[in-house]
Amino acid sequence: MNWEVILWSCGTVAVLVIIAALVLSIMSARNMKKSRDRMAKLQTDIKVGAKVLFGGGIFGTIVGIKDDVVTVEVSKGMTLQVSRYGIQTVED
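Reading the values: the criteria
- Residues numbered from 1 in each chain as written.
- Predicted model: local features only at pLDDT ≥ 70, side-chain atom pairs only at ≥ 80, totals over all residues.
- Heavy atoms only, no water.
- Pairing = 2+ DSSP bridges.
- Helix = DSSP H or I, 4+ residues; strand = E, 2+ residues; numbered from the N terminus.
- Axes fitted to C-alpha atoms, helices over the stretch in contact; angles between N-to-C directions.
- Patch = residues over 30% accessible without salt bridge, like charges linked within 9 Å, V, L, I, M, F, W, Y side chains within 5 Å.
- Areas by Shrake-Rupley, 256 points an atom, 1.4 Å probe, with all protein chains shown as cover.
- Salt bridge = Lys/Arg side-chain N within 4 Å of Asp/Glu carboxyl O.

**Student:** Go over the sheet that holds strand β5 (residues 87-91) with me, naming the residues and quoting the values.
**Tutor:** Overall, antiparallel pairing links the 5 strands, which are arranged β4-β3-β2-β1-β5 in an open sheet. The open sheet has two edge strands, β4 (78-83) and β5, and neither has a second partner. Taken pair by pair, the neighbouring strands of this sheet meet at an average axis angle of 40°, ignoring direction. The pairing of strand β1 (residues 51-54) with β5 spans 4 bridges and is classified as antiparallel. Within the sheet, the bridge partner assigned to Lys51 lies in β5 and is Glu91.

Dropping the structure here:
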């Protein structure tokens, strides 16, 4: 057996795996940054009177905000208290 060829092959595979891992980690970091920026913008758009959609598919209008709890009117006279982090979309 030619050990030199085997060592060079293993080294080449190791380098390719390291390069692939670096590329994937860079792409993941970019996607996380975009997601964080989108969530920060969504949190700043939360204000009384805004129409919102929750992750469960519930639509409503914000009638009150206290810390991390948002009071949402889902129909006339019916309000829910939910976490502000459950909001998926804010419509003005």
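Now, onward.
**Student:** Go over a nonpolar patch on the surface with me, naming the residues and quoting the values.
**Tutor:** Taken together, the side chains of Val15, Leu16, Ile19, Val23 and Met27 make up a nonpolar region of the molecular surface, amounting to roughly 460 Å² of accessible area. The topology assignment puts Leu16 in helix α1 (residues 3-45).

**Student:** I'd like a description of the pairing of strand β2 (residues 59-66), backed by residues and values.
**Tutor:** Two strands pair when backbone bridges link them, and β1 and β2 are joined in this way by 3 bridges, in the antiparallel orientation. Bridge pairing links Lys51 to Thr61 in β2. Between the end of β1 and the start of β2, which pair antiparallel, lie 4 residues, with Gly57 showing a positive phi angle near 90°. Bridging between β2 and strand β3 (residues 69-75) involves 5 bridges; their strand directions are antiparallel. In the strand pairing of β3, Ile62 is matched with Val72.

**Student:** An account of unusual backbone geometry is needed here, citing residue identities and associated values.
**Tutor:** Phi is positive for Asp67, which is not a glycine, with a value near 55°. Mapped onto the secondary structure, Asp67 falls in the loop between β2 and β3.

Honestly, that's just the spatial picture; any functional story needs more than this.
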